[in-house]
Amino acid sequence: VVVAILVVALCCVWGYARVNNQDPAAGTHYEPDRSSGESNLNYYLGWISDSARLFNADTIDTMARENLTLDNTYGSLVAVKTVSYLNGRDIQSYAEETALDIGLDRRDMLLFLDSNSKSWYVTYGADLVTYVESSAELPNLFRTHLGAAFWEEGNADKAILDLFDALDDWYEENIPPLEKDNLRFLPARSISVTSAELVTA
């Protein structure tokens, strides 16, 4: 009996030590690999910032899962930031500054929405310029799904998920799956939009 108890105790100590050795060192910052899958869904939730409270929790979760898939397939994601006011700033500079602040890669996009002015702005990395400018398809996707109806009460959740579905199709048709690089986001040309009009910068 004593031997059995000792064996069990030693196994517990050994297992505990192995688990501790696999954890990041105490006090160090640990950021999961973008492509490591479901266990790192929280990483993709971090790319959705809904300060204006346009979306419910299920919608945010679905957008994060869509980004996980896009990132694993194309090395690209669509960050979303909503605000309830621009605080006197113009939406273009606010969006582009946000894109730099959050560290988007050259193949990523940022969708920036202001609930007060009911306007939005999309900026994207330099590696997407060729694909975006080859046709008006991508600007039209945003204009279609983020029109006046998007801002009506109760419509934002379905509209944004429909947009992500359309973006998934756009990626499949236009972006070849590529090995991700580690280059930082660089500002490029952008799509500037309000609910009434589309302007390509």
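Residues numbered from 1 in each chain as written. Predicted model: local features only at pLDDT ≥ 70, side-chain atom pairs only at ≥ 80, totals over all residues. Heavy atoms only, no water.

> Quick one: what's the story with the packing of aromatic side chains, residue by residue and with numbers?
Summed over the entire model, instances satisfying the criterion amount to 8 aromatic pairs. The interplanar angle of 65° and the centroid separation of 6.4 Å between the aromatic rings of Phe55 and Phe150 together place this pair among those described as edge-to-face. You can see Phe55 sitting in the loop between strand S1 (48-50) and helix H3 (57-74) and its partner Phe150 sitting in the loop between helix H6 (137-145) and helix H7 (156-174), a full 95 residues away along the chain. A network of ring pairs unites the aromatic residues Tyr43, Tyr44 and Trp47 as a single cluster. A cation over a ring is seen here: Arg89 above Tyr94, with NZ or CZ 4.0 Å from the ring centre. (Phe/Tyr/Trp six-rings, centres within 6.5 Å; stacked < 30°, edge-to-face > 60°. Helix = DSSP H or I, 4+ residues; strand = E, 2+ residues; numbered from the N terminus. Lys NZ or Arg CZ within 6 Å of the ring centre and 35° of its normal.)

> Any details on helix H4 (residues 91-102)? Residues and values, ideally.
Compared with an ideal rise of 1.5 Å per residue, which puts 12 residues at 16 Å, H4 spans 16 Å between its outermost C-alpha atoms and is within 8% of the ideal. For H4, the complete set of buried residues consists of Ile91, Tyr94, Ala95, Thr98 and Ala99. All buried residues of H4 project into a common sector of 135° when viewed along the axis, lining one side. Tucked inside the fold, the buried residues of H4 contact strand S2 (78-83), strand S3 (109-114) and strand S4 (119-124). Just past H4, the residue Gly103 takes up positive phi, approximately 75°. (Expected span 1.5 Å × (residues − 1). Buried < 20%, exposed > 50% of the residue type's maximum accessible area, 1.4 Å probe, protein only. Arc of directions from axis to C-beta. Contact = heavy atoms within 4.5 Å.)

> Outline the packing of H3 against H7, listing residues and values.
Where H3 meets H7, the closest approach of the two axes is 10 Å, and the angle between their N-to-C directions is 10°. By the angle between their axes, H3 is roughly parallel relative to H7. Where H3 approaches H7, its residues Thr59, Thr62, Met63, Glu66, Asn67, Leu70 and Tyr74 are matched on the opposing element by Asp157, Ile160, Leu161, Phe164, Asp165, Asp168, Tyr171 and Glu172. Split into classes, the residues belonging to the contact of H3 with H7 amount to 7 nonpolar, 3 polar and 5 charged. (Axes fitted to C-alpha atoms, helices over the stretch in contact; angles between N-to-C directions. Parallel < 35°, antiparallel > 145°, perpendicular 65-115°, else oblique. Nonpolar A, V, L, I, M, F, W, Y, C, P; charged D, E, K, R; others polar.)

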